[in-house]
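These are the residues of each chain, in order.
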Amino acid sequence: MAEPLPFPAHEVLIDGRWRDSASGERLPLLNPSDGSVLAEIARGDAADIDAAVAAAQGALDGDWGRLNAAERGRLLMAMGRAVLTQVDQLAHLEALDVGKPLKQGRADAVALARYLEFYGGAADKVMGETIPYLNGYTALTWREPHGVTGHIVPWNYPMQIIGRSVGAALAMGNACVLKPAEEACLTALALGRIAQQCGLPAGALNIVPGLGEEAGAALTAHAGVKHLSFTGSVATGRRVQAAAAQNTVPVTLELGGKSPQLVFADADLDAALPYLVNAGIQNAGQTCSAGSRILVERARFDEVVERLAHRYRTLRVGPALADLDLGPLISKRQHGIVSRYLDLARESGLPIAAQGAIAADAPPGGFYVQPTLVAGVPAAHALAQEEIFGPVTVVIAFGDEADAVRIANGTPYGLVAGVWTRDGSRALRLARALKCGQVFVNNYGAGGGVELPFGGVGASGHGREKGFEALYGFSALKTVAILHG
Ligand code: NDP
């Protein structure tokens, strides 16, 4: 028997009111730790999206649109403070819903609070310019909200992704329609309640759970939506961009990656190892910026593999509430995807250097896989090229710096990279040479860095979230030229 949730999970939030979806249809929400039905959520569809977009536009034309930047910021900061008082409750919800070990859920809740604080504090600090222009003119710029913004969020980091996307959009004065993933929407719904308690005007944040091909597609196609923010798969991202093109609206796409970590022979391995391991297994590897390709200079390849393998053998997987190193994967489908990659590794004769263990008492209905280290993978192999989105890390040998760069840049993706070296000049050369949106030198921040602009190149998407940069994405620049003689 599932434990009772702190609020009804089957409702949508539209115009400040919680209610059933227009159709009254619901979807089951599963607990990945044991496969049981945790709750029912609303199966929102185009009718709910219509109502949510109208409510958001109403908020812009009404109470929300009348607030000045400092007032918007104060509301966001109040939401951030409220989130901080509920870190444990939010982590518990995320454990049930996403299968995240509690410590990771707590980290996500604190990150959500940080996004709300950061964007709350930044709301009234976005300045325009005055531009030297022709004699007799004053020319200046300011930033305006797009209007109604659509936010399509995946299941892997609901709190963090909502924080970075909705937080920045609200700070700039947009009104949001949020479509969380059908597999994970409890913390989105909890944030809707927190926003109401903090006095966010009705309609500024609307939440419509439902299926991607129904509620999600309706949101991307809606002519009233003036900006789309999407995090998820490349295939769906392309559909979102195509829909945005029909309405000529800007779109921010964050589509994951196959991020390399380059380990040179002069690296401080003691410092690097915890990062190398964690970047592959955090959130059971279901992380867009997972450092899932470890590239090691040949001179130290065997040593690095052995030390990584030693750590992998100690890793434990189990139910989220047991708070082990890894929880389950999100779904049976994701379990199938990751298992197929492991089968492929075996069929290709790739050396499985080490695996962690699934706890003996893990419920058989849960979606567990062993964290796996695959060593000596050819750079062109599917395991080294494709985003697995599970706790499978490949280790690839390289010869020299040029070889390392060639392999690192040799996938369609370009989200994040890590460089481990004591040579400062090399670190800077590589930071320039690597084709991606973020480079970490002697550290690695899978998913971290509220303050750090984040986003990819190539198949990893475009546009930037996080940091101050996101505020520019969630606003349009207006130039004003005044002839005053
Ligand atoms: P999707 O990209 O399909 O889902 C991400 C979000 O998009 C969800 O909210 C989903 O809703 C929504 N969506 C799905 N179809 C549409 C559509 N036609 N129009 C608008 N929105 C839509 O990812 P999946 O959950 O299917 O995962 C598949 C793979 O994607 C993973 O194995 C992983 O490789 C990658 N992925 C990458 C992520 C990242 O952080 N970059 C995050 C999640 C997945 P719904 O959940 O209801 O389908």
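So, how was this worked out
Residues numbered from 1 in each chain as written. Predicted model: local features only at pLDDT ≥ 70, side-chain atom pairs only at ≥ 80, totals over all residues. Heavy atoms only, no water. Buried < 20%, exposed > 50% of the residue type's maximum accessible area, 1.4 Å probe, protein only. Helix = DSSP H or I, 4+ residues; strand = E, 2+ residues; numbered from the N terminus. Pairing = 2+ DSSP bridges. Right-handed = clockwise from strand over helix to strand, strands pointing away. Polar contact = N/O pair within 3.5 Å; in protein donor to acceptor, adjacent residues only side chain to side chain. Contact = heavy atoms within 4.5 Å. Near = heavy atom within 4 Å. 1 Å grid on protein atoms, 1.4 Å probe; cavity = no way out; pocket = protein on both sides within 12 Å on 5 of 7 lines; lining within 4 Å. Sits in = over half its atoms within 2 Å of the grid points. Nonpolar A, V, L, I, M, F, W, Y, C, P; charged D, E, K, R; others polar. Phe/Tyr/Trp six-rings, centres within 6.5 Å; stacked < 30°, edge-to-face > 60°. Lys NZ or Arg CZ within 6 Å of the ring centre and 35° of its normal. Points joined across faces, edges and corners; volume = space filled by probe spheres on them.

(A) Structural detail: the pairing of strand 11 (residues 251–254). Residue alternation in strand 11 divides its side chains into two sets, Val251 and Leu253 and Thr252 and Glu254, and both sets are buried. Bridging between strand 10 (residues 227–231) and strand 11 involves four bridges; their strand directions are parallel. Paired with Thr231 across the two strands is Glu254, which belongs to strand 11. Chirality of the crossover, the property in question, places the unit of strand 10, helix 9 (residues 234–246) and strand 11 among those that are right-handed. Strand direction decides the pairing type here: strand 11 and strand 21 (residues 461–462), joined by two bridges, are antiparallel. Bridge assignment links Leu253 to a residue of strand 21, and that residue is His462.

(B) Summary view of unusual backbone geometry. The phi torsion at Asp15 lies on the positive side, around 55 degrees, for a residue other than glycine. Considering the arrangement of structural elements, one finds Asp15 in the loop between strand 1 (12–14) and strand 2 (17–19).

(C) Structural view of the side chain of Thr231. Residue position: Thr231 is located in strand 10. Overall, the relative accessible area of 5% leaves Thr231 in the buried class. A distance of 3.2 Å separates the side chain of Thr231 from the side chain of Arg164, its partner in a polar contact. Those residues within four positions of Thr231 in sequence are excluded, and the remaining contacts are Ile152, Val153, Pro154, Ile161, Arg164, Glu254 and Glu465.

(D) Just the site of the ligand, in detail. Of all residues adjacent to the ligand, which total 27 residues, the nearest are Trp155, Lys179, Glu182, Ser233 and Arg333. One of the backbone nitrogen or oxygen atoms of Gly210 is found 3.2 Å away from an oxygen atom of the ligand. The pocket occupied by the ligand, as judged from atoms lying within 2 Å of grid points, is the largest pocket. Listed by contribution, the elements that provide at least two residues to the shell around the ligand are helix 8 (212–221), strand 10, helix 9 and helix 12 (332–347). A per-element tally of the shell around the ligand places helix 8 first, with three residues. When the residues that make up the shell around the ligand are grouped by side-chain class, the tally is 11 nonpolar, 10 polar and six charged.

(E) Broad picture of the packing of aromatic side chains. Under the defined criterion, the tally for this structure stands at eight aromatic pairs. Taking 5.1 Å as the distance between ring centres and 85 degrees as the angle between the ring planes, the aromatic pair formed by Phe118 and Tyr119 counts as edge-to-face. Like Phe118, the residue Tyr119 is buried in the burial classification. Taken together, a centroid distance of 5.5 Å and an interplanar angle of 80 degrees make the contact between Trp155 and Phe389 edge-to-face. Taken together, the residues Trp155 in the loop between strand 7 (148–152) and helix 6 (158–171) and Phe389 in the loop between helix 13 (382–385) and strand 18 (392–398) connect sequence positions 234 residues apart. Residues Trp155 and Phe389 agree in their burial class; the two are buried. Put simply, the rings of Tyr115, Phe118 and Tyr119 pair up and form one aromatic cluster. The residue whose ring lies beneath Lys100 is Tyr157, and the NZ or CZ to ring-centre distance is 3.7 Å. Over the aromatic face of Trp18 sits the side chain of Arg193, whose NZ or CZ is 4.0 Å from the ring centroid.

(F) Main features of the layout of surface pockets. Size it by volume and the largest pocket reaches roughly 1,000 Å³. In this structure, the largest pocket is lined by 37 residues; those nearest its centre are Phe230, Gly232, Ser233, Thr236 and Arg333. Elements supplying a minimum of two residues to the lining of the largest pocket: helix 8, strand 10, helix 9 and helix 12. The leading source of residues in the lining of the largest pocket is helix 9, at six residues.

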